[in-house]
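# Structural overview for review
Listed here are the chains, written in short residue letters.
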Amino acid sequence: MRIVVVAETFLPAVNGVTHSVQKMLEHFAVRGDEVLVIAPSAGGPPGPLPGAAARVVLLPSVPLARYASVRIAVGGVARIRRILAEFAPDVVHLASPFELGWRAARAAEQLGLPVIAVYQTDIPGYAARYGVPFLENWAWQRVENIHGGAARTLAPSGPAVAQLHDRGIPRVRLWRRGVDTHRFHPSRRSTTLRAGIARDGARLIGYVGRLAAEKQVEDLRALAGIDNTRLVIIGDGPQRPALEAMLPDAAFLGFLGGNALAAAMASLDLFVHPGELETFCQTIQEAMASGVPVVATARGGPLDLVDNSRTGWLYEPGNLDEFRRYVEDLVGDDAKRAAFSAAAFAGVQGRTWPVVCELLVQHYEEAINDHALLHL
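Throughout what follows, the structure given in this document is the object of discussion. (Residues numbered from 1 in each chain as written. Predicted model: local features only at pLDDT ≥ 70, side-chain atom pairs only at ≥ 80, totals over all residues. Heavy atoms only, no water.)

The next subject is the environment of Glu278. Summarising the element assignment, Glu278 is placed in the loop between strand E13 (270–273) and helix H10 (282–289). Here Glu278 falls in the buried class, since its relative accessible area comes to 12%. A C-alpha to C-alpha distance of 9.6 Å links Glu278 and Ser157, two positions 121 residues apart in sequence. One polar contact links Glu278 to Lys215, side chain to side chain, over a distance of 2.6 Å. A polar contact of 3.2 Å, which involves the side chain of Glu278, links it to the side chain of His273. (Helix = DSSP H or I, 4+ residues; strand = E, 2+ residues; numbered from the N terminus. Buried < 20%, exposed > 50% of the residue type's maximum accessible area, 1.4 Å probe, protein only. Polar contact = N/O pair within 3.5 Å; in protein donor to acceptor, adjacent residues only side chain to side chain.)

Written as structure tokens, this is what we have:
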């Protein structure tokens, strides 16, 4: 198959979108597909793509105001149309499309190419969270324009599917994310790492993710002062200085990747995620694969991932007293936490990336066939 992947963000940036794209590219390489990636530049080459034999076209880009690590590709529809026409793909995959993806959708439409659009980022919700709610309706119009014209839209969770249906977007299907159950595993737990962080054998409560407004990391202040615990923050972002001031007793480990992240994740006793704008939440799956139970907000992707009262707890959005009670419940009861841990580990087995990516290929094939029938 000949596949073009258009990504709003790409390596060396590390986030949910780039992680998913990288896993897709690795799977396509094993299958022998011919793949072209179109993405914004990040001021330099993307670096090596382990296990992936894809061509990459990086478009000139500019940093997003107030969030310099996010870059917006510049250039018009005509340039993308020329790239697509030259490569002649069977399908165009739009990864979390918004700006570059919108232009690629127009170009693909002009060339009569089938488009798969993957909804992965709640950009309208981000607009409200960043204090520009007047842009929320405009952002939804952009999302509806992109996904309304796609041969198929793939959403990562039941709540995300329902959200798109409510906006009148047609042809929405569920496509979850995979997890590396070899890398993220309870055997990665490190007594050395724990000894350097846990004071007097304290239970470690961890958050992993960007330190940015949409993640609501400041809500972790509700966990201050819980006996025999220490908060561990893994990740980086524009809010880090403010969060270090808000959470002076927390251990900030910065950005971790690869086996270092897997070891840190498995060394936690409890994973917490307060963000309400997650369409999926990959770090919850990685925690569960590591045998770490979860306390997360009962909104968006976590609703699909956390089996309430079995693999973790889901608290009412905004109810930080309930958030604290659930954390206290698990860190204070070793037997219950062990039972939740075992259930969390079992719950994600079989959700590997090869399985998930092969389902993606099936979506491609069905979209190509449907598109061909419409244009007979």
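Okay, the pattern of salt bridges next. What the rule picks out here adds up to 23 salt bridges. Among the ionic pairs, Arg210 bridges to Glu214, the shortest N-O distance being 2.7 Å. For Arg210, a relative accessible area of 26% puts it in the partly exposed group. In this structure Glu214 comes out as buried when scored by relative accessible area, which is 2%. The partner of Asp329 in a salt bridge is Lys336, with the nearest N and O atoms 2.8 Å apart. Residue classification places Asp329 among the partly exposed residues on the basis of a relative accessible area of 25%. The class of Lys336 is partly exposed, set by a relative accessible area of 28%. When salt bridges with common partners are traced through the structure, they connect Arg31, Asp33 and Glu358 into a single cluster. (Salt bridge = Lys/Arg side-chain N within 4 Å of Asp/Glu carboxyl O.)

Function cannot be read off these values alone, since they describe shape.
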